[in-house]
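Structural characterization, general
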Amino acid sequence: MADYLVLTLDVADPDVQTAFWCGALGYEHTGGVGHYRVLTDPTGRSPKMLLQQVVESKSAKNRLHLDLHVADIEAEATRLE
């Protein structure tokens, strides 16, 4: 069994995606080097995220997506947009 889980997302612009995911999830940008950014849940309850910059564009359906469960989906969608 794994010691912990890290979700890794390929992104075109890690700085933009860092700001988005930190704001969306309440995570903190806790480090990174080169083409990588590490995001962590300050409560330690949820998995870490690693954003990895890639040069190739997305060409097919995403193989991973995050389902965010909130009380008011319309308000959350507005906030994230």
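See above for the structure.
Our subject in this report is the structure included herewith. (Residues numbered from 1 in each chain as written. Predicted model: local features only at pLDDT ≥ 70, side-chain atom pairs only at ≥ 80, totals over all residues. Heavy atoms only, no water.)

**Side note on helix H1 (residues 14-25)**
In a regular helix each residue adds 1.5 Å, so 12 residues correspond to 16 Å; H1 covers 16 Å between its end C-alpha atoms and thus fits that length. For H1, every residue scored as buried is listed here: Pro14, Thr18, Trp21, Cys22 and Ala24. For H1, the arc enclosing every buried residue in end-on projection is 165 degrees, short of the 170-degree limit, so these residues lie on one face. Seen from the buried face of H1, the exposed residues on the opposite side, beyond 90 degrees, are Asp15 and Ala19. For H1, the capping residue at the N-terminal end is Asp13, with a side-chain oxygen 3.1 Å from the backbone nitrogen of Asp15. (Helix = DSSP H or I, 4+ residues; strand = E, 2+ residues; numbered from the N terminus. Expected span 1.5 Å × (residues − 1). Buried < 20%, exposed > 50% of the residue type's maximum accessible area, 1.4 Å probe, protein only. Arc of directions from axis to C-beta. Polar contact = N/O pair within 3.5 Å; in protein donor to acceptor, adjacent residues only side chain to side chain.)

**Topic: the pattern of salt bridges**
The full count for this structure, using the stated rule, is two salt bridges. Arg37 is the salt-bridge partner of Asp15, the closest N and O atoms lying 3.1 Å from each other. Taken together, the residues Asp15 in helix H1 and Arg37 in strand S3 (residues 36-40) connect sequence positions 22 residues apart. Since its relative accessible area comes to 15%, Arg37 is described here as buried. (Salt bridge = Lys/Arg side-chain N within 4 Å of Asp/Glu carboxyl O.)

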